[in-house]
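Read off the chains here:
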Protein chains: 4
Amino acid sequence: MYGYAEDKDELLARLRRAEGQVRGIQRMVDEDEYCIDILTQIAAANSALRKVAVSLLDDHIRHCVSEARGSSREAKVAEATAAVDRLLKS
Amino acid sequence: MYGYAEDKDELLARLRRAEGQVRGIQRMVDEDEYCIDILTQIAAANSALRKVAVSLLDDHIRHCVSEARGSSREAKVAEATAAVDRLLKS
Amino acid sequence: MYGYAEDKDELLARLRRAEGQVRGIQRMVDEDEYCIDILTQIAAANSALRKVAVSLLDDHIRHCVSEARGSSREAKVAEATAAVDRLLKS
Amino acid sequence: MYGYAEDKDELLARLRRAEGQVRGIQRMVDEDEYCIDILTQIAAANSALRKVAVSLLDDHIRHCVSEARGSSREAKVAEATAAVDRLLKS
């Protein structure tokens, strides 16, 4: 079981809100709402997903990385920082 | 009617995929999948939303900004660049 | 002459500060300062560059895009939004 | 001595290049070069700083986090993920 189990309910609540935001953006596009208001909602959905990502990363470092040993730990650190790099570029 | 009307079907298709990605992330969290795989999916959802945002911004500049005149144009440019700033920080 | 001429002094002042921040980061690395403090300085330098970018984009849209006509305007809008996309991914 | 000592030369070389890029951006602004070309250089400088940040984070997690114990480790993980959050928002 991975480290985020303890935060699972909170992560799922955040993700349901992000899903609702993305659905709201679809409705805004469908109803021809003003571009800038839609961009504001996209920034909000991005922020929600960023918070989920940072929380998962925190759990990953806390559990998977810290408890691993030797080359397994090396691999897990490399995975974590590659994931951060992908997030920074997304 | 705003400028993005012509791209509406493509925007809605992208947004439905992004919604599906966010729902997939919920399922991954719910089924205790590996953190790093979930982070990869979050980066993918961010990228999908970024593409929608850039497409909306393109339409906004093309139509609202370029066709406005005088102080109305000033205001629309300011709105557009403030929206870019919010996206860059999200 | 491009649109940013009027803001040139302010842009140059911001860029000199960003250059100073990057030089400060080198000194911190050279003197083995604490990683997290260096990461904080990198975030500050990124923010400084983001502000310069948003200001240049504002000038570009205001002058180059709004004053162009026909296919030249199309090309300038496409350039501007491609630049935003590169910034969002950088 | 922190974890990044072994990569110090490479980090310093990258940072000197980033400093050169920021100086180049100043020259471009000073010589009224085309906005979009300047934005491209800003994206390049951001990417250079992102690589330095990810490398420092890698070292930090590898050394400071993994070797700490108990509440000290908790604090170091929290610092690392707060730094990632600041980078994602910068």
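No experiment lies behind these values; they were computed from the predicted model shown.

**Some remarks on the overall build of chain A**
(1) Moving on: A tally of regular secondary structure across chain A gives three helices and zero strands.
(2) Moving on: A compact globule built from 90 residues would reach a C-alpha radius of gyration of about 12 Å, whereas chain A, at 17 Å, exceeds it by more than 25%.
(3) Moving on: Its C-alpha atoms give chain A principal-axis dimensions of roughly 55 × 30 × 15 Å.
(4) Moving on: Each of the 90 residues in chain A was classed as buried or not, and the buried ones make up 58%.
(5) Moving on: The long-range fraction of contacts in chain A, counting pairs at least 24 apart against all pairs at least 6 apart in sequence, stands at 48%.
(6) Moving on: Accessible surface for chain A amounts to roughly 3600 Å². Of this, 46% is attributable to carbon and sulfur atoms.
(7) Moving on: If the 14 positive side-chain charges of chain A are averaged to one point and the 16 negative ones to another, these points end up 5 Å apart.

**Describing helix 3 (residues 70-89) of chain B**
(1) Moving on: In this model, helix 3 of chain B (20 residues) spans 29 Å end to end at C-alpha, consistent with the 28 Å of a helix rising 1.5 Å per residue.
(2) Moving on: What helix 3 of chain B keeps buried is the set Arg73(B), Val77(B), Ala80(B), Thr81(B), Ala83(B), Val84(B), Asp85(B), Leu87(B) and Leu88(B).
(3) Moving on: Of the surrounding elements, those touching the buried residues of helix 3 of chain B are helix 2 (35-67) of chain A, helix 2 (35-67) of chain B, helix 2 (35-67) and helix 3 (70-89) of chain C together with helix 3 (70-89) of chain D.

**What about the interface of chain A and chain B?**
Accessible area lost upon the coming together of the parts serves often as the stated size of an interface.
(1) Moving on: Across the boundary between the two partners, chain A contributes 46 residues, which contact 46 residues of chain B.
(2) Moving on: Across the chain A to chain B interface the summed buried area is about 4300 Å²; carbon plus sulfur atoms make up 69%.
(3) Moving on: Our count for the contact surface shared by chain A and chain B stands at four salt bridges.
(4) Moving on: A salt bridge links Lys8(A) to Asp32(B), with the shortest nitrogen-to-oxygen separation between them at 2.9 Å.
(5) Moving on: Scanning the region where chain A abuts chain B turns up 16 residue pairs in polar contact (both at pLDDT 80 or more).

**Topic: the relation of the copies chain A and chain B**
(1) Moving on: For the pair chain A and chain B, the superposition axis carries a translation of 0.0 Å, the fit reaches an RMSD of 0.0 Å, and the rotation angle comes to 180°. This pairing of chains is accounted for by a two-fold axis.
(2) Moving on: Of all interface residues in chain A, 100% are interface residues in chain B too; the two copies therefore contact each other through one and the same surface.

**Points about the environment of Val22(B)**
All names here are of chain B.
(1) Moving on: Relative to the elements of secondary structure, valine 22 occurs in helix 1 (residues 8-30).
(2) Moving on: Classification of valine 22 as buried rests on a relative accessible area of 1%.
(3) Moving on: Valine 22 sits 23 residues away from alanine 45 along the chain, and the two C-alpha atoms are 6.8 Å apart.

**Some words on unusual backbone geometry**
Both trends apply: most residues other than glycine have a negative phi, and most peptide bonds are in trans.
All names here are of chain A.
(1) Moving on: Even without being a glycine, aspartate 32 presents a positive backbone phi close to 55°.
(2) Moving on: Take aspartate 32: it is sitting in the loop between helix 1 (8-30) and helix 2.
(3) Moving on: With a relative accessible area of 25%, aspartate 32 lands in the partly exposed category.

**Details of the relation of the copies chain B and chain C**
(1) Moving on: The transformation that overlays chain B on chain C combines an axial shift of 0.0 Å with a rotation of 180°, and the residual RMSD is 0.0 Å.
(2) Moving on: When you check the interface residues of chain B against chain C, 100% turn up at the interface there too, and the contact is symmetric in its surfaces.

**Concerning the interface of chain B and chain C**
(1) Moving on: Tallying the contact residues gives 20 residues for chain B and 20 residues for chain C.
(2) Moving on: Summed over both sides, the interface between chain B and chain C buries roughly 2000 Å², with carbon and sulfur atoms accounting for 65% of that surface.
(3) Moving on: The largest contributions to the chain B side of the interface with chain C come from Arg50(B), Arg62(B) and Leu88(B), which together make up 27% of the buried area.
(4) Moving on: There are four salt bridges connecting chain B and chain C.
(5) Moving on: Glu74(C) is the partner of Arg62(B) in a salt bridge, and the nearest nitrogen-oxygen pair spans 2.6 Å.
(6) Moving on: In this assembly, chain B and chain C are joined by eight residue pairs in polar contact (both at pLDDT 80 or more).
(7) Moving on: When residues in the side of chain B that touches chain C are grouped by element, the largest group, 10 residues, is from helix 3 of chain B.

**Topic: the nonpolar core**
(1) Moving on: Grouped together as the largest cluster of nonpolar side chains are 132 residues, with contacts concentrated most on Ile42(A), Ile42(B), Ile42(C) and Ile42(D).
(2) Moving on: Residues contacting Ile42(A), with those up to four places away along its chain left out, are Ile25(A), Leu49(B), Val52(B), Ala53(B), Leu56(B) and Leu87(B).

**Things to note about the packing of helix 2 of chain C against helix 3 of chain C**
Residue and element names in this part refer to chain C.
(1) Moving on: With their axes 10 Å apart at the nearest point, helix 2 and helix 3 run at an angle of 170° to one another. One element, helix 2, and the other, helix 3, form an angle in the roughly antiparallel class. Counted together, Ala53, Leu57, His60, Cys64, Val65 and Ser66 of helix 2 and Arg73, Lys76, Val77, Glu79, Ala80, Val84 and Leu87 of helix 3 form the full contact between these two elements.
(2) Moving on: Among the residues forming the contact of helix 2 with helix 3, the class breakdown is eight nonpolar, two polar and three charged.

Cut-offs applied
- Residues numbered from 1 in each chain as written.
- Chains lettered and ligands numbered in written order.
- Predicted model: local features only at pLDDT ≥ 70, side-chain atom pairs only at ≥ 80, totals over all residues.
- Heavy atoms only, no water.
- Helix = DSSP H or I, 4+ residues; strand = E, 2+ residues; numbered from the N terminus.
- Rg over C-alpha atoms; globule rule 2.2 N^0.38 Å.
- Buried < 20%, exposed > 50% of the residue type's maximum accessible area, 1.4 Å probe, protein only.
- Contact = heavy atoms within 4.5 Å.
- Areas by Shrake-Rupley, 256 points an atom, 1.4 Å probe, with all protein chains shown as cover.
- Lys, Arg positive; Asp, Glu negative; His and termini not counted.
- Charge placed at Lys NZ, Arg CZ, Asp CG, Glu CD.
- Expected span 1.5 Å × (residues − 1).
- Buried area = accessible area lost by both parts, 1.4 Å probe.
- Salt bridge = Lys/Arg side-chain N within 4 Å of Asp/Glu carboxyl O.
- Polar contact = N/O pair within 3.5 Å; in protein donor to acceptor, adjacent residues only side chain to side chain.
- Least-squares fit on C-alpha atoms with pLDDT ≥ 70 in both.
- Core = buried A, V, L, I, M, F, W, Y, C linked by side-chain atoms within 4.5 Å.
- Axes fitted to C-alpha atoms, helices over the stretch in contact; angles between N-to-C directions.
- Parallel < 35°, antiparallel > 145°, perpendicular 65-115°, else oblique.
- Nonpolar A, V, L, I, M, F, W, Y, C, P; charged D, E, K, R; others polar.

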